[in-house]
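What the coordinates show
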Amino acid sequence: MAGPDAKFVGSIPEKYDAYLGPFLFEPYAADFVRRLTLPEDVRVLELACGTGILTRRIAQALPKSGRLMATDLNQPMLDHAQRMVGPDSRLEWRAADATKLPFPDESFDRVVCQFGVMFFPDKLAALREARRVLKRGGELSFNVWDSTRRNPYVEIADGTVAGFFPANPPTFFQVPFGYHDQDTIRSTMQQAEFANIRLSEVALEGKSPTAMDAAVGLVEGCPLIVAIQERGVSDPRPIVEAVAKKMASAYGNSPMRCQLGAVWIAGAKA
């Protein structure tokens, strides 16, 4: 998680939240919370909470007696999330590495993670840690992006950006869209000793106010911008404009609507 593809720093958290949040993450946060059971006195741990999009949804659904611990390795993302979600006596924030959680065994009833597992360098270690901190009968649930074929807007953005760097194209999108094979995920869950493993493909629609908003998010609201800057580009506007033009042609300009695809996974600690 400390590699260049996980550096959500500088202006990335704000642009991630403003442009990618409504477009990509809010629809799946709503879907995620609909799948959760949150009984009285439930203790929830969120991994890789990012800018707090799922955090906010869980807090809204959480019983008064429930508690939520929101964690992320990236302090800038955590700081932004705290500002956006606001104070809540049931909510605690903490910087934490999902592969080495700073919590005792059997501390939580639920462990959740929205679009974060793809960034964990050791996924099996992270899943084992999630199981360790779960109480017996507790459940881990997370989602990951499906293939770029099921998220064709990514193929457009990635191909357009690559055209600016034919000799050395950025590879960032390979990370968030590279962990979706359901057999692989199920096998890793089994190795981590989860029971009652379920996987479900979730197709939703992404809606952005404009194609330019989506392009700003996809180029500047994630670590792709770091890779672009490392290749000597100080002004990304021509790249953003090229992505926006291609997206508008494919999906409309105002609003822009496109297909989204993800996989939702859950497993229990028997």
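Quick caveat, the model's predicted, so the values are computed rather than measured.

This part is about the overall build of the protein. The helix and strand tally for the protein stands at nine helices and seven strands. By the compact-globule yardstick of 18 Å for 270 residues, the protein fits well, its C-alpha radius of gyration being 18 Å. Seen along its three principal axes, the alpha-carbon backbone of the protein occupies a region of about 50 × 40 × 30 Å. Looking at the protein residue by residue over its 270 residues, the buried ones come to 56%. For the protein, the proportion of contacts with a sequence separation of at least 24, taken over those separated by at least 6, is 81%. A total accessible area of about 11,400 Å² is found for the protein, and carbon and sulfur atoms account for 48% of it. Each charge sign in the protein was given a centre, from 31 positive and 32 negative side chains, and these centres are 3 Å apart.

Let us look at helix α5 (residues 152–162). Of all the positions in α5, only P152, Y153, V154, A157, T160 and V161 are classed as buried. As for α5, its buried residues are in contact with α1 (12–35), β5 (134–145), α7 (211–220), α8 (224–230), α9 (237–251) and β7 (256–268).

A few words now on the pattern of salt bridges. When the charged atoms of two side chains with opposite charge come close together, those side chains can pair. According to the stated counting rule, one finds 16 salt bridges in the structure shown. In this structure, R35 and D31 form a salt bridge, with 2.8 Å as the shortest nitrogen-oxygen distance. Remark: D31 and R35 occur in helix α1; sequence separation between them is four residues, near one turn of the helix. The class for R35 is partly exposed, based on a relative accessible area of 29%. By sharing partners, the salt bridges in this structure join E26, R56 and R57 into a single network.

Bringing the packing of α5 against α9 into the picture now. Packing of α5 against α9 leaves a shortest axis separation of 9 Å and a crossing angle of 145°. In this structure, α5 crosses over α9, and the sense of that crossing is right-handed. In this structure, α5 uses P152, Y153, I156, A157, T160 and V161 to contact α9, whose residues at the interface are I239, A242, V243, K246, M247, A250 and Y251. Residues of the contact of α5 with α9, tallied by class, amount to eleven nonpolar, one polar and one charged.

Turning our eyes to something else, we now look at the side chain of D17. Note on placement: D17 falls in helix α1. Reaching out from D17, the side chain makes a polar contact with the side chain of T51 at a distance of 2.8 Å. Sequence-distant contacts of D17, defined by excluding residues within four places in its chain, comprise P22, T51, I53, H80 and M84.

Take unusual backbone geometry next. Put simply, S254 and P255 share a cis peptide bond, and its omega is 0°. Residue placement: P255 occurs in the loop between α9 and β7. Unusually for a residue other than glycine, E193 sits at a positive phi of about 70°. Mapping E193 onto the fold places it in the loop between α6 (182–191) and β6 (195–208). With relative accessibility at 54%, the residue E193 sits in the exposed group. A positive phi is found at N196, a non-glycine position, where the angle reads about 50°.

How each quantity is defined
Residues numbered from 1 in each chain as written. Predicted model: local features only at pLDDT ≥ 70, side-chain atom pairs only at ≥ 80, totals over all residues. Heavy atoms only, no water. Helix = DSSP H or I, 4+ residues; strand = E, 2+ residues; numbered from the N terminus. Rg over C-alpha atoms; globule rule 2.2 N^0.38 Å. Buried < 20%, exposed > 50% of the residue type's maximum accessible area, 1.4 Å probe, protein only. Contact = heavy atoms within 4.5 Å. Areas by Shrake-Rupley, 256 points an atom, 1.4 Å probe, with all protein chains shown as cover. Lys, Arg positive; Asp, Glu negative; His and termini not counted. Charge placed at Lys NZ, Arg CZ, Asp CG, Glu CD. Salt bridge = Lys/Arg side-chain N within 4 Å of Asp/Glu carboxyl O. Axes fitted to C-alpha atoms, helices over the stretch in contact; angles between N-to-C directions. Left-handed = near helix turned anticlockwise from the far one by under 90°. Nonpolar A, V, L, I, M, F, W, Y, C, P; charged D, E, K, R; others polar. Polar contact = N/O pair within 3.5 Å; in protein donor to acceptor, adjacent residues only side chain to side chain.

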